[in-house]
Amino acid sequence: MPRMGAMEWRNLRVGLFFVSPWLVGLVIFYLYPIASSLYYSFTDYNVLQPPTFTGWSNYQQIFNDANFWTALGNTAFMVFVGIPIYTVVDIAVAILLNAKVPGQAIYRAIVFMPTLIPVVVLSILWQWLLNPQSGLINELLAAVNINGPGWYASPEWAKPAFIVMTLWTTGNAVVIYLAGLQDVDRTLYEAADVDGANWWHKIRHVTLPSLSPVILFNVILAVIASFQFFTQAFIITNGGPMNATLYYSLYLYQNAFSYLHMGYASGLAWILLIIALALTVLILRSSARWVYYAGSR
Amino acid sequence: MLGVDERTGAPGPAIVGARGRQGLNWRKGGRVLLLEALLIIVALIFLIPFAWLISMSLKPDSQVFATTIQWIPHPVMWSNYAKAMTEFPFVRYFTNTMIICVFVVIGATASSSFVAYGFSRVQWPGREMLFVVVLGTLILPYQVVMIPQFLLFRSLGWVNTYLPLTVPAFFGNAFFIFLFRQFYMGLPSELSDAARIDGCNDLGIYWRIILPLSRPVLATAAIFSFIGAWSDFIGPLIYLNDANKYTLSIGVQQVIGQAPNWTQLMAIGVVMTLPILVLFFFVQRTFIQGISFSGIKG
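Just so it is clear, the model here is predicted, and its values are computed rather than measured. (Residues numbered from 1 in each chain as written. Chains lettered and ligands numbered in written order. Predicted model: local features only at pLDDT ≥ 70, side-chain atom pairs only at ≥ 80, totals over all residues.)

**Student:** How would you sum up the overall build of chain B? Please name residues and give values.
**Tutor:** Looking only at helices and strands, chain B has 14 helices and zero strands in total. Its helices and strands taken in sequence order, chain B reads α-α-α-α-α-α-α-α-α-α-α-α-α-α from the N to the C terminus. Residues counted as buried form 40% of the 298 residues belonging to chain B. Partitioning the intrachain contacts of chain B with sequence separation of at least 6 by distance along the chain shows that 77% fall at a separation of at least 24. (Helix = DSSP H or I, 4+ residues; strand = E, 2+ residues; numbered from the N terminus. Buried ≥ 20, exposed ≤ 12 C-beta atoms within 10 Å, placed from the backbone. Contact = placed C-beta atoms within 7 Å.)

**Student:** Describe the environment of Ala194 of chain B, and please don't skip the residues or the numbers.
**Tutor:** Residue and element names in this part refer to chain B. Its location among the elements puts Ala194 in helix α9 (residues 190–197). Classification of Ala194 by C-beta neighbours within 10 Å gives partly exposed; the count is 13. As for Ala194 and Ile205, which are separated by eleven residues in sequence, their C-alpha atoms are 9.8 Å apart.

**Student:** Any chance you could break down the interface of chain A and chain B for me, citing the residues and the numbers?
**Tutor:** Taken together, the 83 residues of chain A in the interface contact 83 residues of chain B. With 18 residues, helix α1 (residues 6–40) of chain A is the single largest residue contributor to the side of chain A that touches chain B. Each residue belonging to the side of chain A that touches chain B can be placed in one class, and the counts come to 59 nonpolar, 17 polar and seven charged. (Nonpolar A, V, L, I, M, F, W, Y, C, P; charged D, E, K, R; others polar.)

**Student:** Describe in detail the confidence of the model for chain B, supporting the description with residues and values.
**Tutor:** Residue and element names in this part refer to chain B. The pLDDT averaged across chain B works out to 85; a share of 87% of its residues lies at or above 70. Note that residues 1–20 has pLDDT below 50 and, in this model, 37 contacts with residues that lie over four places away or in other chains. We note a pTM of 0.89 for the whole complex and an ipTM of 0.89 for its interfaces. (pLDDT = per-residue confidence, 0-100.)

**Student:** How would you sum up unusual backbone geometry? Please name residues and give values.
**Tutor:** Residues and elements named next belong to chain A. Geometrically, the link from Gly240 to Pro241 is a cis peptide bond, its omega value of -15° lying close to zero. Mapping Pro241 onto the fold places it in the loop between α11 (231–236) and α12 (248–258). Look at Trp151: it is not a glycine, yet its phi comes out positive at around 45°. Position of Trp151 among the secondary structure elements: in the loop between α6 (136–143) and α7 (158–168). On the basis of neighbour counts, which here come to 25 C-beta atoms within 10 Å, the residue Trp151 falls in the buried class. In this structure, Met242 is a non-glycine residue whose phi angle is positive, near 50°. For Met242, a count of 11 C-beta atoms within 10 Å puts it in the exposed group.

This is the structure we're talking about:
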């Protein structure tokens, strides 16, 4: 690196001056907490007495804890079943919303609206929509002679119920896909037309490859969101029935704030951090095989 | 489907040749109709839960558990709203929530616009590397830092105050820093150069030139942060334990557990959602642009 002149020094000082609020916040709200939670994860700490060092014991307990594996499995269900469904539906909706038809702006606003509902309101609302006896969805199913499931009340259907509910609030991802659709090179469609491609060929061989960087982005965000999935489950099921909706973040919260097992919960937090990092890296690595970047990028 | 939007009518020459103009228009008209029909179905699916919320909020209590669908309640109970406002300490929770929102909005917009200047309008070594860290904090699950942050605020004696919910906003929000930076990068550097020749330093350039130009982003960040604070659940859940200090979200959640009056709760739900929808329609355009940005550049 070349030696810095007076100008560079001045710029460095000015730059650091402006970013200093964020830097201070980074240390106080991120770096220190991440480091100290690593320490707490090796202690027994119930907040009332000072932490006592216990070595690897929290981690040993976590790996022998049936609820930990249940919580991890429930969250994995959200990731491996939920995210493929969100992705397919969101892209389909985005393609529809991209069509130039009368009322386009209104349709877009309507799809985005559910993301604005406060999550508490969202939770009460869906608790009712999916109520097995008097909920709207089962009544609609009954109208076509389908006996609706127990949704949140049933161990088999509670997780799918949360996926249905989440699907309703994925307008953010749809908007991002829509933006991606604007970037698709028009000439590719013209070329496909000349080759006599039908609409499905065009989606499969032009739209999806062009959209792949955006899919990558949305999938990563969805993975992180799945690991943070908390409020809806806390309000509607609080983990039940039979731990079917004990999601990872919910279990972590319960350990920290219901049982005051701060050390144990810190261990859970570190495992969460490692899983989230590993999954992100894995997805980014795999992206070389399925993400297509146009020459200009 | 894609057919229609790309193609302002550039279908294969073969079709034009075979059917001529009339056939083409008919085909196009048919496609638009099909798309319009599909879009109406999608819109209905997204709207029906809202309609149900409003319908529930206006039902007589006796009809809550009815097993037949009745969209328009009979009689329409406007009084559910009046009762909800008085029986539930609505005004107190509303005031508490607004206090938090005001501080979060001021803190987040002021600090983020300031920090973004350092990440875009000044060239210094290490800038891009640090900005990657900004983006990294965006995808860090909150649960990772939740416990030590709680312990930290607890040791400061901040539990059961609004400080843990408002003070962090003053240290910049990664997503808003990103939005402001995106916007600042698009402003010509001649703006700063001219001011500098006139003897203006960077603080002056930020305050007198860049900030006044950033109104659209300021509005977007203000509304995003308002919605975030308005709807926040886990923060107030962890930090507030005195019922007098509850926000609307926590207040509602506390009621759910006590065999509540559901129609009144739905009325509160409508009242909590309405201000956000209104704000959204004011800034819809910049709002959507903000989210779109994140996808393309991220």
